[in-house]
Amino acid sequence: MIIVTPVIQLDENELQFQFKLASGPGGQNVNKVATAAELRFDAAHSPALPDDVRARLLTLAGSRMNKDGELLITARRFRSQERNRQDAIDRLVVLIQKAAEIPKPRLKLKPSRAAKQQRVAEKRRVGEKKQTRRPAGSSGDYD
């Protein structure tokens, strides 16, 4: 069991791994050993995820989620298969933890009376500054 939050625990059987050749450092090892880990997690049908967390996860995952509701995470930072596997699991846990956080509702606020007065006073100051830049005797009309 992978503990994500006190409420959410993932069964390791829900995670599917596939290992592929990775680019980057590693010398000859990179050409011989499939070290990049590709993690697939069926978020849309996972019994471990509550519905609200699942909905937020679909939004957070973005392009990492396919149309079937599978989350795809590719880890290739490390040279060993096991470290990349653990990195993919860690990234999945962090993503689910973010989705588990309930976003604070936005409070609609109106500007205070003082803020409105400041805005109008600033507009007036800018207008007066522009008035002083005009040539003497011009009314602002261009003939």
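So, here's what we can say about the structure. It should be emphasised that the depicted structure is a prediction, and the values quoted were computed from it without experimental measurement. (Residues numbered from 1 in each chain as written. Predicted model: local features only at pLDDT ≥ 70, side-chain atom pairs only at ≥ 80, totals over all residues. Heavy atoms only, no water.)

## Some details on the pattern of salt bridges
Rules: Salt bridges are counted wherever a side-chain nitrogen of Lys or Arg sits within 4 Å of a carboxyl oxygen of Asp or Glu. In this text, helices come from DSSP runs of H or I with a minimum length of four residues, and strands from runs of E with a minimum of two, each type numbered from the N-terminal end.
Per the counting criterion, the structure on display carries eight salt bridges. The shortest N-O distance in the salt bridge between Lys20 and Glu38 comes to 3.1 Å. Residue Lys20 is found in strand β3 (residues 15-20), and its partner Glu38 is found in strand β4 (residues 36-42); the two are separated by 18 residues along the sequence. Close ionic contact of Asp51 with Arg54 constitutes a salt bridge, the shortest N to O distance being 2.9 Å. Placement of the pair is Asp51 and Arg54 together in helix α2 (residues 51-61), with a separation of three residues, close to one helical turn. Taken together, the salt bridges that share partners define one network made up of Lys20, Glu38, Arg40 and Glu70.

## Digging into the sheet that holds β3
Applicable threshold: Two strands qualify as a pair provided that DSSP identifies no fewer than 2 bridges between them. Only the stretch in contact is used when fitting a helix axis, every axis being a line fitted to C-alpha atoms; angles between N-to-C directions are given from 0 to 180 degrees. The contact definition used throughout considers only heavy atoms, calling two residues in contact when any of these lie within 4.5 Å.
On the basis of which strands lie adjacent, the open sheet formed by three strands has the order β3-β4-β5 and antiparallel pairing. With one partner strand each, in any of the chains shown, β3 and β5 (70-75) form the two edges of the open sheet. In this sheet, adjacent strand axes meet at a mean angle of 20° when their direction is disregarded. Strands in contact with helix α3 (residues 81-100) are β3, β4 and β5; relative to β5, the strand with the most contacts, it is inclined by about 135°.

## Considering the side chain of Arg54
Note the following rule: For every residue, the accessible area obtained with a 1.4 Å probe (protein chains only) is divided by the maximum for its type, and the residue is called buried under 20%, exposed over 50%, and partly exposed between those limits.
Its relative accessible area of 13% is what places Arg54 among the buried residues. With sequence-adjacent residues up to four places away left out, Arg54 is seen in contact with Ala43, Ala44, His45, Ser46 and Leu49.

## Some thoughts on the nonpolar core
We apply this condition: Residues enter a nonpolar core if they are buried and are Ala, Val, Leu, Ile, Met, Phe, Trp, Tyr or Cys, with the set joined through side-chain atoms within 4.5 Å.
Counting residues in each nonpolar core, the largest one holds 23 residues, and the members touching the most others are Phe41, Leu49, Leu57, Leu71, Leu92 and Ile96. Where this core is concerned, the elements lending two or more residues are β4, α2, β5 and α3. For this core, the element with the highest residue contribution is α3, accounting for seven residues.

## Considerations on a positive patch on the surface
Formally: Each patch is built from residues lacking any salt bridge and having more than 30% relative accessible area; the joining distance is 9 Å for like charges and 5 Å for nonpolar side chains (Val, Leu, Ile, Met, Phe, Trp, Tyr). Using a 1.4 Å probe, accessible areas were evaluated by the Shrake-Rupley method; residue-level cover was limited to the displayed protein chains. Positive residues here are Lys and Arg, negative ones are Asp and Glu, while His and the chain termini are left out of the count. For charged residues, the charge sits on one atom: NZ in Lys, CZ in Arg, CG in Asp, CD in Glu.
Taken together, the side chains of Lys110, Arg113, Lys116, Arg119 and Lys123 define a basic patch exposed on the protein surface. With respect to the helices and strands, Lys116 occurs in helix α4 (residues 113-133). Using a relative accessible area of 47% as the deciding quantity, one classes Lys116 as partly exposed.

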